Amino acid sequence: MIPIEYFITFGIILFCIGAYGVMSKSSTIVVLMCIELMLNAANINFVAFSAFTGDVMGQVMVIMTISVAAAEVAVGIAIVLNAYKVRKTVSTEGLASMRW
Amino acid sequence: MDASMISDLFGEVTPIIPAVIMIVGALLTPALYYGLKRRDVVTAAAMVVIIASMVVNAILLSDDYAGTYSGIFEYNAFSGLMMLLFQIVASLTLFVSVSSTETTILHYGAFNSLMIISAVGMMFVAMSTDLVGIFVGVEAVSISSYALVTMKRADPRAAEAGVKYVIIGGMSTALTIYGISMIYGALGTLEISELAARLGSEGYTWTFVIGLITMVAGYGFKIAAVPFHMWAPDVYEGASTPVSILLAAGSKKMGLVVFFKVFMVMFVGAKVVSGLDIEAVQYIFAILAAFSMTVGNIVAIAQSNIKRMLAYSSIAQAGYILIAMAVMTDYALTGAMFHMFTHVFMKGGAFLIVGALVCVGIGEKITDYNGLAKRAPFLAFAMLVFLFSLAGIPPLAGFTSKFVLFSGAIFDEGPGGVMTQWIWLAFIAILNSAISLYYYVRVVKAMFIEKPVKGAPAGSIRIPRTFMAAIVVCLVMVVVLGIYPDLILGPCKDAADALLGAYL
């Protein structure tokens, strides 16, 4: 059996890659993809903990997270498209007219 | 009518019936608008549904009804009171969005539906008994409010605010769910009622600490506490004013409900049951509260747009309410809930006046309000009352609720009577109230003393009737709650007992 530390470490690495992408990328589409990575890091944790403790609630939570992530990306892409229609740009530098 | 009649009628679904009634409304409004194409009919239908749900909830609450549905949702004094707050916010916003020129015409049915769904999400957060329900409820609110923010007519700022909100909201979702997964790993359960006992027996493991930090950060974004606040002013400015009210008065309160339901119950329970030392956690929340108050109030001074100024003031108000999270007593929690109620009316009222003036063509800059007292004496007076109430001038509601909230940090039920540990937090809060008076009075000065800019129209202003009615309701509540606080203080006390009663 693979020790649980491996799963948690994998989750942490995935989460950090996602967080780095959210903070550094300038295209909002890539930022949305990085958010998906962060959500999946949590999913790996849930499944690993659920399998190790034998409690099914973790797997229920994974189903919920997947559906929430799908809904969020659907709305997010629509909002980014709307921003492109109105402002003709989707980069984070272009969408910075409001500050402070 | 009393609670037994409702429970006879609906049987086992009685605990969630206020939310179910509202979901029916959410499904009905898009169909009505598609068929009839009339905004007033759709709003009337939505209002009927919300008021029906509010009446049912008020009857259950006044009869001290308590029950659970399938072990997932629980109705008690706390969830009932918080649901009433969310219903008040939803009815205020829906009522004014019919005549606002900022709200969408093309998708008005969907706009109504999304607004009701976000209110229902908040109600599910107040009711749910495990972290799964809380997570899904918070996401229902977030995802519908992303769409609501972007649904503003012809304003490039709304598009930008929507993108910012969806990215920061998605990031906060990811942080939250990662925190929940770590807490699930550390404590082995998602049931809120079991978290306290498990934490007491397990103690602080590194898994739990990582989970706690990421989860507090994730929900910190929802309540816009410093340093997680940077989205709030942009989104409040970009969104149409009814949506700003929903976010400032509703969505923020939902985050605070999560803080009370999950963290306060967990730590107070662990302390009482197994003597866990929670002082470090209390200091985390105290620092969060102190920073939110101070940064919110100081940055608000520099704002020239009134919606941004109200947004920063809203961040500061969240800081005041977070005092209860630092002190973690029954009395402080009562004060926090009381302040949540008065904040709805005073911040909602101030935003309503801004929204009404936008409808008649007055801008959002503070200089646009110069000489307003001559053109609209009643509106200027109402704005003065709301702003003075936010600053905490007696005898208005803001003073009474701040008095109860701040004395929660000082008053101790023990023999000494004074809690020396948190007195500095009360001191910072009072100092901040004094700072906040500066930028509130600036608006009052613009309205009553400054001369209007040259070339501005001078005739009297007629705002839409729905806005007028909503402003009058808020004004009456601000004055009544200031003079007669027992109206809501009693239910707040019951709610605090329902939440923490098992550990007192």
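Since the structure is predicted, the reported quantities are computational estimates derived from the model, not experimental observations. One numbering rule holds for all chains: residues counted from 1, following each sequence as written. Lettering of chains starts at A and numbering of ligands starts at 1, both following the order in which they are written. Residues qualify for local features only when their pLDDT is at least 70, as the model is predicted, and side-chain atom pairs are given and counted only at 80 or more; totals for whole chains, interfaces and linings, by contrast, use all residues. With hydrogens and water set aside, each side-chain value is computed from the structure's full complement of heavy atoms.

Give a description of the overall build of chain B that names residues and reports values.
Put simply, DSSP H or I for four residues or longer makes a helix, DSSP E for two residues or longer makes a strand, and each gets a number counted from the N terminus. Along chain B, the regular secondary structure elements total 21 helices and 2 strands. Against the 2.2 N^0.38 benchmark of 23 Å for 504 residues, chain B shows a C-alpha radius of gyration of 22 Å, consistent with a compact globule. Accessibility here uses a 1.4 Å probe with only protein chains present; expressed as a share of the type maximum, an area under 20% marks a residue as buried, one over 50% as exposed, and anything in between as partly exposed. Looking at chain B as a whole, 66% of its 504 residues qualify as buried. Contacts are assigned to residue pairs with any non-hydrogen atoms lying within 4.5 Å of each other. Residue pairs at least 24 apart in sequence account for 82% of intrachain contacts in chain B once pairs closer than 6 positions are excluded. Here the globule rule reads 2.2 Å times residues to the power 0.38, and the radius of gyration is calculated from C-alpha atoms.

Which residues make up the overall build of chain A, and what values do they have?
For chain A, the helix and strand inventory stands at 3 helices and 0 strands. Reading chain A from its N end, one meets helices and strands in the order α-α-α. Relative to a compact globule of 100 residues, whose C-alpha radius of gyration would be 13 Å, chain A shows 17 Å and is clearly more extended. Overall, the C-alpha framework of chain A stretches about 50 × 25 × 25 Å when taken along its three principal axes. Considering chain A as a whole, with its 100 residues, one finds that 39% of them fall into the buried category. Taking contacts inside chain A between residues at least 6 apart in sequence as the whole, the part at least 24 apart equals 53%. Surface accessibility in these figures is a Shrake-Rupley result with a 1.4 Å probe; residues are shielded only by whichever protein chains are displayed. For chain A, the accessible surface area stands at approximately 5,400 Å², while carbon and sulfur atoms represent 72% of it. The averaged location of the 5 negative side-chain charges in chain A is 25 Å from the averaged location of its 5 positive side-chain charges. Positive charges come from Lys and Arg, negative ones from Asp and Glu, while His and the chain ends are left out of the count. Where a charge sits is defined by one atom per residue type, namely NZ (Lys), CZ (Arg), CG (Asp) or CD (Glu).

Describe the interface of chain B and chain A, naming the residues involved and giving the relevant values.
On the side of chain A, 41 residues touch chain B, which itself brings 44 residues to the contact. With both sides pooled, the region where chain B packs onto chain A buries about 3,600 Å², and carbon together with sulfur makes up 79% of that total. Note on definitions: buried area is the accessible-area loss of two parts on being combined, 1.4 Å probe, summed for both. Of all residues in chain B, B:E160, B:Y178 and B:Y184 give up the largest surface area on contact with chain A, accounting jointly for 19% of the area buried on that side. A side-chain nitrogen of Lys or Arg and a carboxyl oxygen of Asp or Glu constitute a salt bridge if their distance falls within 4 Å. Where chain B meets chain A, there are 1 salt bridge. Residue A:R87 pairs with B:E160 through a salt bridge whose shortest N-O separation is 3.1 Å. Within 3.5 Å is the distance limit for a polar contact, defined as a pair of N or O atoms, with the added protein rule that one can donate a hydrogen and the other accept it, and that residues adjacent in sequence qualify only through two side-chain atoms. Remark: the boundary between chain B and chain A carries 6 residue pairs in polar contact (both at pLDDT 80 or more). Counting only elements with at least two residues in the side of chain B that touches chain A, the list comes to α6 (131–150), α7 (156–187), α9 (206–223), α10 (231–238) and α13 (306–321) of chain B.

So, empty space enclosed by the protein: which residues are in play, and what are the values?
Cavity and pocket criteria rest on a 1 Å grid covering protein atoms alone: a 1.4 Å probe that fits but cannot get out defines a cavity, protein on both sides within 12 Å along at least 5 of 7 lines defines an open pocket, and an atom within 4 Å of a point defines a lining residue. Grid points are joined across faces, edges and corners, and a volume is the space filled by probe spheres set on the points. Taken as a whole and judged by the stated rule, the model has 2 cavities of 30 Å³ or more. There is about 50 Å³ of room inside the largest cavity. For the largest cavity, the full set of lining residues is B:S142, B:Y146, B:Y165, B:I168, B:G169, B:S172, B:F221, B:K222 and B:W231. Of all the secondary-structure elements, those providing two or more residues to the lining of the largest cavity are α6, α7 and α9 of chain B. Here the lining of the largest cavity takes 4 residues from α7(B), the largest share from any one element. Only Asp, Glu, Lys and Arg are considered charged in this grouping, and only Ala, Val, Leu, Ile, Met, Phe, Trp, Tyr, Cys and Pro are considered nonpolar; every other residue, Gly among them, is considered polar. Here the lining of the largest cavity is composed, by residue class, of 5 nonpolar, 3 polar and 1 charged. Considered as a void within the structure, the second largest cavity measures approximately 30 Å³ in volume. Forming the boundary of the second largest cavity are A:L32, A:I35, A:E36, A:L39, A:E72 and A:V73. Of all the secondary structure elements, the ones that give two or more residues to the lining of the second largest cavity are α2 (28–53) and α3 (57–87) of chain A.

I'd love a proper account of the environment of A:S50, names of residues and values included.
Relative to the helices and strands, A:S50 is located in helix α2. Owing to a relative accessible area of 1%, A:S50 belongs among the buried residues under this scheme. Sequence spacing of A:S50 and A:V60 is 10 residues, and the spatial spacing of their C-alpha atoms is 9.6 Å. Contact partners of A:S50, with chain neighbours within four places excluded, come to A:D55, A:V56, A:G58, A:Q59 and B:Y184.

If you had to explain the confidence of the model for chain B to someone new, which residues and values would you point to?
pLDDT is a residue-level measure of predictor confidence that goes from 0 to 100. For chain B, per-residue confidence averages 92 on the pLDDT scale, and 100% of positions sit at 70 or higher. Taken over the whole predicted complex, pTM reads 0.95, whereas the ipTM for its chain interfaces reads 0.96.

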